[in-house]
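Structure at a glance
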Amino acid sequence: MLLLLAALRVSRRPPLGLTSLALSKNLLGDAGAVALAHALRDHRTLQGLNLSVNAIGDRGALALADTLAGIRCFRRLVLRVRRGFRSRSRSLERQLTLA
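Residues numbered from 1 in each chain as written. Predicted model: local features only at pLDDT ≥ 70, side-chain atom pairs only at ≥ 80, totals over all residues. Heavy atoms only, no water.

Side note on the nonpolar core
Judged by nonpolar contacts, the single largest core of 21 residues is most densely connected at Leu8, Leu36, Leu40, Leu46, Leu49, Leu51 and Leu64. Mapped onto this core, the elements with two or more residues apiece are helix 1 (2-10), helix 2 (30-40) and helix 3 (58-69). Ranked by residues supplied to this core, first place goes to helix 2 with 5 residues. (Core = buried A, V, L, I, M, F, W, Y, C linked by side-chain atoms within 4.5 Å. Buried < 20%, exposed > 50% of the residue type's maximum accessible area, 1.4 Å probe, protein only. Helix = DSSP H or I, 4+ residues; strand = E, 2+ residues; numbered from the N terminus.)

Next up, the structure:
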């Protein structure tokens, strides 16, 4: 995860433009989601994010919602979940809807 965050910081500079990011099945929790949200703040070209099958709770959801709400071209969030994680994905969807 640390290497990914470092790469995201480097790729902020033109001409690199991040349009999609897939992080499914990465055991991403609240701390990781908050760090990811911070790293994505300057990526104004991001259009899609796949966070399927992770363990993101309310704190991470709020951080991501705040960041993604500020990216005008963002269009698609994928949150496929396994049984037992459904309530957490609903929490993230709810937070993003409110942002």
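Regarding helix 2
Every buried residue of helix 2 is listed here: Gly32, Ala33, Leu36, Ala37, Ala39 and Leu40. Buried residues of helix 2 fall within an arc of 165° about the axis and therefore sit on the same side. Exposed residues pointing more than 90 degrees away from the buried face of helix 2 are listed as Ala31 and His38. (Arc of directions from axis to C-beta.)

Let's talk about helix 3
With 12 residues, helix 3 extends 16 Å between its outermost C-alpha atoms, agreeing within 8% with the 16 Å of an ideal straight helix rising 1.5 Å per residue. Taken together, the buried positions of helix 3 are Gly60, Ala61, Ala63, Leu64, Ala65, Thr67 and Leu68. (Expected span 1.5 Å × (residues − 1).)

Description of the sheet that holds strand 2 (residues 48-50)
Strands belonging to one sheet form pairs held by backbone hydrogen bonds; the direction of such a pair is parallel or antiparallel. Pairing is parallel across the open sheet formed by 3 strands, whose spatial order is 1-2-3. The strands lining the two open edges of the sheet, one partner per strand, are strand 1 (20-22) and strand 3 (76-78). Across the sheet, the mean angle separating the axes of adjacent strands is 5° when strand polarity is ignored. Across 3 bridges, the pairing between strand 1 and strand 2 is parallel. What sits directly across from Ser20, in strand 2, is Gly48. (Pairing = 2+ DSSP bridges. Axes fitted to C-alpha atoms, helices over the stretch in contact; angles between N-to-C directions.)

Observations concerning unusual backbone geometry
Backbone geometry places Lys25, a non-glycine residue, at a positive phi of 55°. Residue placement: Lys25 occurs in the loop between strand 1 and helix 2. Since its relative accessible area comes to 66%, Lys25 is described here as exposed. One non-glycine residue, Val53, adopts positive backbone phi at about 55°. The buried category is assigned to Val53, whose relative accessible area is 14%.

Observations concerning the side chain of Asn50
Tracing the chain through its elements places Asn50 in strand 2. For Asn50, the side chain forms a polar contact with the side chain of Ser52, separated by 2.8 Å. Setting aside residues no more than four positions away along its own chain, Asn50 makes contact with Leu21, Ala22, Leu23, Ser24 and Val78. (Polar contact = N/O pair within 3.5 Å; in protein donor to acceptor, adjacent residues only side chain to side chain. Contact = heavy atoms within 4.5 Å.)

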